[in-house]
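# Report on the structure
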Amino acid sequence: MTMMVFVLIILERGQPTGEEFFFRELTSCLEYSDALNNQSISFVTGGRNRFFESYCRIREIQTTDAGTKILFRDPAKKEE
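A separate point is the packing of aromatic side chains. Tallying each qualifying case throughout the model produces two aromatic pairs. Relative to Tyr32, the ring of Phe21 has its centre 5.9 Å away and its plane inclined at 35 degrees; by these criteria the two rings are tilted. Here Phe21 is found in strand β2 (residues 15-23), whereas its partner Tyr32 is found in helix α1 (residues 26-38), with 11 residues between them in sequence. Grouped by ring-pair contacts, the aromatic residues Phe21, Phe23 and Tyr32 constitute a single cluster.

This part covers the pattern of salt bridges. All chains considered together, the criterion is met by two salt bridges. Its salt-bridge partner being Arg59, residue Glu20 comes within 2.8 Å of it at the nearest N-O pair. Taken together, the residues span a long stretch of sequence, with Glu20 in strand β2 and Arg59 in strand β3 (residues 53-62) at a distance of 39 residues. One salt bridge in this structure joins Asp65 and Lys69, with 3.9 Å as the shortest N-O distance.

Right, let's get into the sheet that holds β3. Within a sheet, neighbouring strands are paired by backbone hydrogen bonds and run either parallel or antiparallel to one another. Sheet architecture is open: three strands sit in the order β2-β1-β3, paired in antiparallel fashion. Each edge of the open sheet is held by one strand with a lone partner, namely β2 and β3. The sheet shows a mean angle of 35 degrees between the axes of neighbouring strands, taken without regard to direction. Inspection of the sheet shows strand β1 (residues 2-12) paired to β3 by 10 bridges, in the antiparallel sense. Considered in β3, the bridge of Thr2 is made with Gln62. Of the strands in this sheet, β1, β2 and β3 touch α1, which is tilted by about 150 degrees from β3.

Let's shift gears to the pairing of β2. Consecutive residues of a regular strand have side chains that alternate between opposite faces of the sheet. Pairing of β1 with β2 involves six bridges; the strand directions are antiparallel. Its bridge partner lying in β2, Phe6 is registered against Phe23.

The rules behind the values
- Residues numbered from 1 in each chain as written.
- Predicted model: local features only at pLDDT ≥ 70, side-chain atom pairs only at ≥ 80, totals over all residues.
- Heavy atoms only, no water.
- Phe/Tyr/Trp six-rings, centres within 6.5 Å; stacked < 30°, edge-to-face > 60°.
- Helix = DSSP H or I, 4+ residues; strand = E, 2+ residues; numbered from the N terminus.
- Salt bridge = Lys/Arg side-chain N within 4 Å of Asp/Glu carboxyl O.
- Pairing = 2+ DSSP bridges.
- Axes fitted to C-alpha atoms, helices over the stretch in contact; angles between N-to-C directions.
- Contact = heavy atoms within 4.5 Å.

As structure tokens, this is what we get:
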């Protein structure tokens, strides 16, 4: 059985670095990508830095790999 996840891919000088971070939710992936690209977690301007770039893509993985071979970076959910 498979599941869809979101992968943050990092580019340096236009080439993939091989570093990939996995997320269950697209929102988490996009927030992480924006924070890296803007070099700030609070100031989001849509700008880019000159050293590297990151973006999110969808990937299909085996459900048996989720949580074992592939660890997710989603923040813990707060219950109100």
